[in-house]
Amino acid sequence: MRLLLVVNSFASSVTPRNTVVVHRRLSRDHDVEVVETNRRGHATRFAVDAARRGLDAVIAFGGDGTLNEVATGVAGTETALGVLPGGSTNVFARTIGLSNDPVAAADELADALGEGHITPVGLGTVNGRHFCFHTGVGFDAAVVAAVERRASLKRWFGHPLFIWSTVSTWSRGFDRARPNHSVTAGDGRSIDGAFLTVVLNTSPYTFLGNRPVDLAPVASLDRPLVVVSLTRLDLATLGGTFLDAIRGAAPRRRGVEVWEDVTSVRVAAASPTAEMSYQVDGDHLGELPTLDFEHAPGSLRLVRPKAR
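Note that this is a predicted model, so its numbers are computed, not measured.

Draft legend 1. The pairing of strand E1 (residues 2–7), seen in detail. Burial analysis of E1 places five of its six residues in the buried class, which makes it a mostly covered element. Where E1 lies against strand E2 (residues 31–36), six bridges are found, and the strand directions are parallel. Across the sheet, Val 7 pairs through a bridge with Glu 36, a residue of E2. Across five bridges, E1 lies against strand E3 (residues 57–62) in parallel orientation. Residue Leu 5 lies in a different strand from E3, and its bridge partner there is Ile 59.

Right, dumping it as structure tokens:
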């Protein structure tokens, strides 16, 4: 196979040594080109070019942001996506069953490529941009923005930094008195006021160390989207929802709405002049007045490892 290995050398778990090891492992049986990203959006450009040239697969070696950019570049083409964990959390790589160590994952990916384990899976889209595992709006995105403001600490304090950012954002960095967006599904269901909404394409939502945080256990690459909205942001609701997710139980409590098998949904700011913070696959992308989500079934050819 002809492969393109897209490396984000700034990602938390990417080093010169493991990049060489990964390249050598993939090159045993395949023709592998290597490129390195140096700015946001760079991986998408590489992936689009690889698809245009008819390469068999593009391998994203970096964090979940690099993964998203590569997936965006190859979605809707015959070029497949392969994933290697190079970030601090590596949600998608671990969701599809890869080891969290890049060298071990390279062996698993090479085996999958060699045996032709490439399957079509669905993605979500938000305002036309693809996402692999989730998009968060409101409080969720504000926490991600707080983490990114301390990006230099992610390599050393990834999960503790996320917890600290959640607590500090809730206590003094977010308006907990007034909901900042509404949610309306294509089938007519609606929520007038929400503080946090996550639209999921897979489960888990994230990982805390080695433990999955299953905000919506039913979410899967093989079915439409799941929407989880919090209409209350008091400590009992937020903390209880998090504890439910740690236990792997779907949240069933006051102030939490869960919609399954959603094919389209619009999230709109609370007023015509307001905007909402949002993040896509763990990257904060700014603020917008409206976000339109669609499910795109079978839009990505994914290299999937064998079940361990």
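Draft legend 2. Main features of the packing of aromatic side chains. The tally for this structure, following the rule as stated, stands at two aromatic pairs. Judged by centre distance (5.4 Å) and plane angle (80°), the rings of Phe 139 and Phe 174 are edge-to-face. Of the two residues, Phe 139 is situated in helix H6 (residues 139–148) and Phe 174 in the loop between helix H7 (154–172) and strand E8 (181–185); the sequence distance between them amounts to 35 residues. In terms of burial, Phe 139 and Phe 174 fall into one category: buried. The residue whose ring lies beneath Arg 94 is Phe 207, and the NZ or CZ to ring-centre distance is 4.0 Å. Above the face of the Trp 170 ring, Arg 176 is positioned so that its terminal group lies 3.9 Å from the ring centre.

Draft legend 3. Representation of the packing of helix H2 (residues 42–52) against helix H3 (residues 64–74) in the model. Direction vectors running N to C along H2 and H3 enclose 30°, while the axes themselves pass 7 Å from each other. Between H2 and H3 the crossing geometry is right-handed. Here His 42, Ala 43, Thr 44, Ala 47, Val 48 and Ala 51 of H2 come into contact with H3, specifically with Thr 66, Glu 69, Val 70, Thr 72, Gly 73 and Val 74. A per-class count over the contact of H2 with H3 returns six nonpolar, five polar and one charged.

Draft legend 4. Looking closely at the pairing of strand E5 (residues 118–126). Burial analysis of E5 places seven of its nine residues in the buried class, the great majority of the element. In the sheet, E5 pairs with strand E18 (residues 290–303) via eight bridges, with the strands oriented antiparallel. Directly across from Val 126, in E18, lies its bridge partner Phe 293. Pairing of E5 with strand E6 (residues 129–131), which is carried by three bridges, proceeds in the antiparallel orientation. The residue of E6 that forms the bridge with Val 126 is Arg 129. Counting the residues that bridge the hairpin from E5 to E6 gives two residues, and of these Asn 127 lies at a positive phi of roughly 50°.

Draft legend 5. Layout of the sheet that holds strand E17 (residues 283–288). Spatial ordering of the open sheet is given by E14-E13-E10-E7-E16-E17, a layout of six strands whose pairing is antiparallel. Each having just a single partner strand, strand E14 (256–262) and E17 make up the two edges of the open sheet. Each adjacent strand pair in this sheet contributes to an overall mean axis angle of 15°, direction not counted. Pairing geometry for strand E16 (residues 276–280) and E17, over five bridges, is antiparallel. Of the residues in E17, the one forming a bridge with Val 280 is Asp 283. Contacting strand E7 (134–138), strand E10 (196–200), E16 and E17, H6 runs over the sheet at an angle of about 100° to E7.

Draft legend 6. Main features of the pattern of salt bridges. Tallied over the entire structure, the rule returns 17 salt bridges. Between Arg 25 and Asp 29 there is a salt bridge, with its nearest N and O atoms 3.9 Å apart. By relative accessible area, which is 12% here, Arg 25 ends up buried. Of the residues examined, Asp 29 reaches a relative accessible area of 55% and is grouped as exposed. Across the pair Asp 283 and Arg 40 runs a salt bridge, and its minimum N-O distance is 3.7 Å. Of this pair, Asp 283 sits in strand E17 while Arg 40 sits in the loop between E2 and H2, placing them 243 residues apart in sequence. Take Arg 40: its relative accessible area is 51%, and that puts it in the exposed class. In the salt-bridge network here, residues are joined through shared partners; they are Arg 25, Asp 29, Asp 107 and Asp 111.

Draft legend 7. Focus on the environment of Arg 301. For Arg 301, the location among the structural elements is in strand E18. Exposure remark for Arg 301: the relative accessible area of 28% places this residue in the partly exposed category. As for Arg 301 and Ala 75, which are separated by 226 residues in sequence, their C-alpha atoms are 7.6 Å apart. Those residues in contact with Arg 301 that sit more than four places away from it in its chain are Thr 77, Glu 78, Thr 79, Ala 80, Leu 81, Ile 118, Thr 119 and Pro 120.

How each quantity is defined
Residues numbered from 1 in each chain as written. Predicted model: local features only at pLDDT ≥ 70, side-chain atom pairs only at ≥ 80, totals over all residues. Heavy atoms only, no water. Buried < 20%, exposed > 50% of the residue type's maximum accessible area, 1.4 Å probe, protein only. Helix = DSSP H or I, 4+ residues; strand = E, 2+ residues; numbered from the N terminus. Pairing = 2+ DSSP bridges. Phe/Tyr/Trp six-rings, centres within 6.5 Å; stacked < 30°, edge-to-face > 60°. Lys NZ or Arg CZ within 6 Å of the ring centre and 35° of its normal. Axes fitted to C-alpha atoms, helices over the stretch in contact; angles between N-to-C directions. Left-handed = near helix turned anticlockwise from the far one by under 90°. Contact = heavy atoms within 4.5 Å. Nonpolar A, V, L, I, M, F, W, Y, C, P; charged D, E, K, R; others polar. Salt bridge = Lys/Arg side-chain N within 4 Å of Asp/Glu carboxyl O.

Everything listed is a geometric property; what it means functionally is a separate question.
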